[in-house]
Amino acid sequence: MIRKIQHIGVAVRKLDDAIPFYRDVLGLEFAGIEEVAEQKIRAAVFRVGESAIEVIESTSPDGPVGKFIEKNGEGIHHVCFQVEDAAAALAHAKEKGVRLIDETPRTGVHGMRIGFLHPKSTFGVLTEFAQEEDEHA
C-alpha cells in the first residue's frame, strides 16, 4: 500500500528565511513555491532523490500550521507516505482503529489527493497519505 516516503513537512515562520538554508546550504533542488488556500499554507518544495522536503509557512495564524508553530515552534510537522489510493489508505487505517483527521481525501500541494491521520493514533507523528494526481484520479 505504501510506495515510499513522499515528503517530510517542516513548519517554519517565514519561507524567505528558510529557503536559503535548504537551497544554498544543503544544496537541495528547489522545485518552487505553491499556495494551498484551503490549508492556509505556502509550501516550498525541495527534491531529495525520489522524495522531498516540504517547507511550509502558515498564511493565517488560525491555520493548522500557524497553530502548530504557536504550540510547538518551528520543526518537523508531518511525515507523508505516497500511496496508490488515498481513499483506500484512509479507510484501511480507520478500519484498523486509527483516528483520522480526514475521512476522505482533499487537495494538497501539486494537486495530490491527501489525508491525515491524527497524531494521537500515530505515536505523536502527524501522518499524511498522498496520492499523486495521475494515480486513480
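Quick look at the structure, then. All values reported here derive from a predicted model rather than from experimental measurement.

### Things to note about the pairing of strand 1 (residues 2-11)
Then step 1. In this structure, strand 1 lies alongside strand 5 (residues 75-83), joined through eight bridges in antiparallel fashion. When the sheet's bridge partners are listed, Gly9 is paired in strand 5 with His78.
Then step 2. Pairing geometry for strand 1 and strand 4 (residues 51-58), over five bridges, is parallel. Pairing of Val10 across the sheet is with Val55, part of strand 4.

### Here we look at helix 1 (residues 15-25)
Then step 1. Burial in helix 1 covers these residues: Leu15, Ala18, Ile19 and Tyr22. End-on view of helix 1: buried residues confined to an arc of 110°, all on one side of the axis. Facing away from the buried side of helix 1 by over 90 degrees, the exposed positions are Asp16, Asp17, Asp24 and Val25.
Then step 2. Its buried side turned inward, helix 1 meets strand 1, strand 2 (29-36), strand 3 (41-48) and strand 4.

Quick notes on the rules
- Residues numbered from 1 in each chain as written.
- Predicted model: local features only at pLDDT ≥ 70, side-chain atom pairs only at ≥ 80, totals over all residues.
- Heavy atoms only, no water.
- Pairing = 2+ DSSP bridges.
- Helix = DSSP H or I, 4+ residues; strand = E, 2+ residues; numbered from the N terminus.
- Buried < 20%, exposed > 50% of the residue type's maximum accessible area, 1.4 Å probe, protein only.
- Arc of directions from axis to C-beta.
- Contact = heavy atoms within 4.5 Å.

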